[in-house]
Amino acid sequence: MNSSIKHLFLLLTFLTGLTTAYGRKKDDGPVVTKIWDQATHSAFTDLIRFKGAFYCSFREGSGHIPGTDGKVRILKSTTGKDWESVALLEKEGIDLRDPKLSITPNGRLMIIIGGSIYQQGKLLGRAPHVAFSDKTGLKFSAPEKVNVDPSIVSWGDWIWRVTWHKGTGYAIDYQIGPQERNGPTAMYLLKTKDGKSFEKVSKLDVDGFPNEATVRFDQHDSLFVLIRREIGDKVGMLAKSAAPYTNWNFQRLTMRLGGPNFLFLNDQQLVMGTRSYETVPNTAFFLGDKNGKFRKIFKLPSSGDNSYPGMVLHEGTLYISYYSSHEGKTSIYFTQVPVSQLIALNKAPDILPSKPIWNSSPHSAFTDLLRFNGKFYCTFREGLGHVPVHTKPGESSDGTIRVIASVDGEKWESQALIKEPGIDLRDPKLAVTPDGRLMITCGGSDYVDNKLMEWHTRVMFSKDGQQWTSPMRVRGIPSNNWFFRITWNGPTGYVASNVCETDPKTGQVNTKNRKLILYKTVDGINYQAVSNDFNPSPEGCEATVKFKADSSLVILIRNAGGNSTAGFLASSKPPYQKYEIVQIDHGMGGQNFFELTDNRWLVVTREYPYERPPSRTGTATVMLQVDENGIFQRLYELPSGGDTSYPGLLIHEDKLWISYYSSHEGKSAIYLSVIPMAQLKDRIQSLLTLK
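So, a few notes on the structure that sits alongside this text.

The rules we used
- Within any chain, residue numbers begin from 1 and follow the written order of that chain's sequence.
- Where totals are concerned, whole chains, interfaces and linings use all residues; where local detail is concerned, this predicted model gives features only for residues with pLDDT of at least 70, and gives and counts side-chain atom pairs only at 80 or more.
- Processing note: side-chain calculations cover all non-hydrogen atoms of the structure and skip hydrogens and water entirely.
- When a residue's accessible area, from a 1.4 Å probe over protein chains only, is under 20% of the maximum for its type it is buried; when over 50% it is exposed; and in between it is partly exposed.
- A run of DSSP states H or I qualifies as a helix once it reaches four residues; a run of E qualifies as a strand once it reaches two. Both are numbered from the N-terminal end.
- Should DSSP find at least two bridges between two strands, the strands are taken to pair.
- Here, axes are lines fitted to C-alpha atoms. For helices the fit covers the stretch in contact, and angles between N-to-C directions go from 0 to 180 degrees.
- For salt bridges, the criterion is a side-chain nitrogen of Lys or Arg within 4 Å of an Asp or Glu carboxyl oxygen.

1. Points about the pairing of strand β42 (residues 540-547)
- Buried residues dominate β42, accounting for 7 of its 8 residues.
- With 6 bridges joining them, β42 and strand β43 (residues 553-559) adopt antiparallel strand pairing. Of the residues in β43, the one forming a bridge with glycine 540 is asparagine 559.

So this is what it looks like as structure tokens:
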């Protein structure tokens, strides 16, 4: 049997056995119940626990913005299953919006409400309003206008949510002028003792049209604010301040926000709910820390007009309200998730055993692995360091490509050392061509006086793994190209190639503005463009293409360079010209992957110090399970640290073979780890499923 066909057969056999481990449908997750759909448009929820019952508030209207002015509906439920309306608040001439719940120090429910003033469809201004319950939570006062500090009161004040802390209520007033995004805008922290009059504490200098903001406190009385931004890069912001809350530190997030809310699970971990701006916007939840490092952990059934979650922690469970129009009418939904499941998502995984298989050069790195003619073949770069450094005229530290082979994975012998004078050969990747030859593709970097003057991908071929053609420049792709790995799909090979411009001033490669374009080939040398640029980031790189049984493809992409903060999954159907992109909230570095089943992927990649789970430090090579929504769970970690990752993946004899490099034992060397498929299957089955 041809080795590549045998490999495919073994992979399919394994995946068939994993069907039960991955038997979830696309929208599986927490069980969600619709609790209200009586109005034409119900939206902008909040949730609280009061007097032994849940209270859910939201706006009812004719649409997202007025045709008719909005009213505030308040529901009550003791169990979260059966809900009854206890109030409908309205005020003539005012569009009441975004009602947010809190409990005052004197034991009443308080609803802070945005108030937009319209006349014949024209917005005349905004004024926050407030209403209170009696102490039973069954009767509510009429909405009344709040008093904003006269030193800052504006045409368009909006107090979005009040959080009480040690007898004082704190909130953000975001101010929007008549010109909306064209300004003027401002953002202030306010405080109140009675919920009716608000005094300025400090100003927050935030750019990007800041608006919806939630205030929370940690166990040390530090104040945190999650802020939505709508201009420029549009990503959210986490602001932090210690008492007396007049000096601020800001941390940009990696995602946009819409209707953001968050709570502390403990003193270090935060759970955040927001609109997630993907190809199909949805309501998603993220696990994060005080430094603003968040990862998506699940999304709720939602699309269209949606989000604005209310959140309550009660008896070890996170209860959630939100709105969505995915079933047609914009309605209110309710769900719950055990907190223990959320915390377990950040648990450090077990470390698999591995062994070094090559350390004969000062720096060995960037591996790949496959079976060919009854042997394992592993390739990698050898050099003096991660990148070449030329210290003397005529001296070369350019990388070379080493090929080693083994019959059993125990004893490895060198088969070839491939060089190209004056070129740093990097990131070699193995493939078997349709005509049965072994193929290596690699980057080719041309340095002059330590300056990168050109990128151009190289390719070489071998019939026996020992005798190789000289490195050849690929044709049909503009200069300053680099593709990371070729994937053959029948007679055609596909690559997702970076293409960069040359800086006109320096003549160097402009690596900060990369295109990503799909190309195809039938001979491995000549390439033809299939798509336009679909790079989700100016620094998207190291892209690997995989095909599914239905001929659709998925591309795993690294975002950014040396300190990657995220990855992307790009999916496309023939003719591969339109792409749907989802973000993976985990750094990437030399990543490799294959499909498990049911739109779930096994990804092996670098993990960076900022994203390590508790008790783990430094960098590492880790194994993740990633679903089609970009949500990941850690499976295993490999012995690694320092300069590490760039794995080769191979399934052979019911085992997953992983080559990778690491410097955790001193110099960068090549390692091999082998895990039985049965063990991997058991690990996957044991993973937490949010239901």
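2. Concerning the sheet that holds strand β24 (residues 307-314)
- The sheet built from 4 strands is open, its strands ordered β1-β26-β25-β24 with antiparallel pairing. Either end of the sheet is taken by a strand with one partner, and the two such strands are β1 (32-36) and β24. Across the sheet, the axes of successive neighbouring strands diverge by a mean angle of 25 degrees, strand direction being ignored.
- Across 4 bridges, the pairing between β1 and strand β26 (residues 331-338) is antiparallel. Counterpart to threonine 33 in the pairing with β26 is phenylalanine 334.

3. Some points on the pattern of salt bridges
- Taken as a whole and judged by the stated rule, the model has 39 salt bridges.
- Put simply, glutamate 60 and arginine 73 hold a salt bridge, and the shortest N to O gap is 3.1 Å. Of the two residues, glutamate 60 is situated in strand β3 (residues 53-61) and arginine 73 in strand β4 (residues 71-77); the sequence distance between them amounts to 13 residues. Both residues of the pair, glutamate 60 and arginine 73, belong to the buried class.
- When the shortest N-O distance is used, the salt bridge between arginine 458 and glutamate 420 registers 3.0 Å. Here arginine 458 is found in strand β35 (residues 458-462), whereas its partner glutamate 420 is found in the loop between β31 (413-418) and β32 (424-432), with 38 residues between them in sequence.
- The exposure class of glutamate 420 is buried, given its relative accessible area of 19%.

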